[in-house]
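Residue strings, one per chain:
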Amino acid sequence: ALNAALRMTAASLFKIPVMVEVFRQQRQGRISWNQTLVVGPQHWVPGTGILQAYPGRRVSVQELVQLMMRVSDNVAAVMLMDLVGRENINDTARSLGLQETLVHTYTARDPLGPDEDNTTSARDLGLLLRRMAAGELIDRVASAEMIDLMLQERAYDWMLRELPAEVRVAHKTGALPNVRNDAGIMYTP
């Protein structure tokens, strides 16, 4: 690994720990896949996705997770972070051994400075994805469902570009000005 523990801007890679926390709370019975939320002006953020065009729309938690992971919908991510709690996302990341993965909580105890972006590291994502691939993240079924969502990534194909067609990649990309990320699990013949 090269600079594996270096804290870097996560861009949309922060959506992987968000997805993990949503699955964790769903398995605990704290939220339901069929629970619906309403897209409001407080959720609007620029960037990728389709929900910016649908204020007032009711969307299920399951659909929000799919939009967040398949098309990297930023509004879906904000809605899910509000639902599960940003501090819970950070707490779960720490409990999984992720040392550099942090999302803004916008509280007095925010672990990131006001001008900082959400962060992660290659080591953190490698650890998280390895546990997911082994079926150890939440439970075996949740791990498989998260992998299935990541196999459906549609925002960018950076990792896939140079690979043979028979290679499948469960991944998540992230992009901001001067940042291009792609993290995933490769399945080869």
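Just so you know, the residues in each chain are numbered from 1, in the order the chain's sequence is written. Thresholds applied to this predicted model are a pLDDT of at least 70 for local features of residues and 80 or more for the giving and counting of side-chain atom pairs; totals over whole chains, interfaces and linings are not thresholded and use all residues. As a convention, hydrogens and water are excluded, and side-chain values are obtained from all of the structure's heavy atoms.

**Q** Please clarify how the overall build of the protein chain should be interpreted in this entry.
**A** Every helix listed is a DSSP run of H or I at least four residues long, and every strand listed is a run of E at least two residues long, numbered separately from the N terminus. Within the protein chain one finds 6 helices and 6 strands. Beginning at the N terminus, the succession of helices and strands in the protein chain can be written as β-α-β-β-α-α-α-β-α-α-β-β. For the radius of gyration, the atom set is restricted to C-alpha positions; the globular benchmark scales as 2.2 Å times the number of residues to the power 0.38. Over its C-alpha trace the protein chain gives a radius of gyration of 16 Å, about what one expects of a compact globule, namely 16 Å for 189 residues. In terms of overall dimensions, the protein chain has C-alpha extents of about 45 × 35 × 35 Å along its principal axes. Exposure is judged per residue with a 1.4 Å probe applied to protein chains only, and the accessible area is read against the type maximum: over 50% gives exposed, under 20% gives buried, and values in between give partly exposed. Here the protein chain holds 189 residues, and the buried ones make up 48% of them. Here the contacts in the protein chain between residues at least 6 apart in sequence split such that 55% fall between residues at least 24 apart. For the area figures, the Shrake-Rupley method with a 1.4 Å probe applies, and any residue is considered shielded solely by the protein chains shown. For the protein chain, the computed accessible surface area is about 9,400 Å², with 52% contributed by carbon and sulfur atoms. Charged side chains in the protein chain number 20 positive and 21 negative. The centres of these two groups are separated by 3 Å. Contacts were defined at the residue level, with two residues in contact if any of their heavy atoms lie within 4.5 Å. Positive charges come from Lys and Arg, negative ones from Asp and Glu, while His and the chain ends are left out of the count. Here the site of a charge means atom NZ of a Lys, CZ of an Arg, CG of an Asp or CD of a Glu.

**Q** Looking at this structure, how should I read unusual backbone geometry?
**A** Negative phi characterises most residues that are not glycine, and trans characterises most peptide bonds. Its identity as a non-glycine residue notwithstanding, Tyr106 has a phi of 55 degrees, on the positive side. With respect to the helices and strands, the residue Tyr106 is situated in the loop between helix 4 (86-95) and strand 4 (119-120). A relative accessible area of 62% places Tyr106 in the exposed class. Located in the positive-phi region is Ile138, a residue other than glycine, with phi close to 70 degrees. Structurally, the position occupied by Ile138 is in the loop between helix 5 (122-133) and helix 6 (140-151). For Ile138, a relative accessible area of 34% corresponds to the partly exposed category.

**Q** Help me understand the pairing of strand 5 (residues 168-176), please; the structure alone is not making it clear to me.
**A** Successive side chains on a regular strand alternate, one facing one side of the sheet and the next facing the other. Pairs of strands are assigned from DSSP output, requiring at least two bridges between the strands. Pairing of strand 5 with strand 6 (residues 179-187), which is carried by 9 bridges, proceeds in the antiparallel orientation. Note on strand 6: the bridge partner recorded for Arg168 is Tyr187. Connecting the antiparallel pair strand 5 and strand 6 is a turn made up of 2 residues, with Asn178 showing a positive phi of about 70 degrees.

**Q** When you look at the packing of aromatic side chains in this model, what are you seeing that I'm missing?
**A** The relative placement of two aromatic rings is captured by the distance of their centres and the angle of their planes. When the centres of two rings from Phe, Tyr and Trp lie within 6.5 Å, Trp using its six-membered ring, the rings pair. Their planes under 30 degrees apart give stacked, over 60 give edge-to-face, and anything left gives tilted. With the rule as written, the count across this model stands at 1 aromatic pair. Consider the rings of Phe23 and Trp33, whose centres lie 4.9 Å apart with planes at 70 degrees: the pair is edge-to-face. Taken together, the positions of Phe23 in helix 1 (residues 15-27) and Trp33 in the loop between helix 1 and strand 2 (36-38) put the pair 10 residues apart, joining distant regions of the chain. Of the residues examined, Phe23 reaches a relative accessible area of 3% and is grouped as buried. Charges are assigned to positions over rings by a cutoff of 6 Å between ring centre and Lys NZ or Arg CZ, combined with an angular limit of 35 degrees from the ring normal. A cation over an aromatic ring shows up here: Arg57 above the ring of Tyr54, its NZ or CZ 5.4 Å from the ring centre. The ring of Tyr187 has Arg168 sitting right over it, with the charged end atom 5.3 Å from the ring centre.

As far as function goes, none of this settles anything; it's purely spatial.
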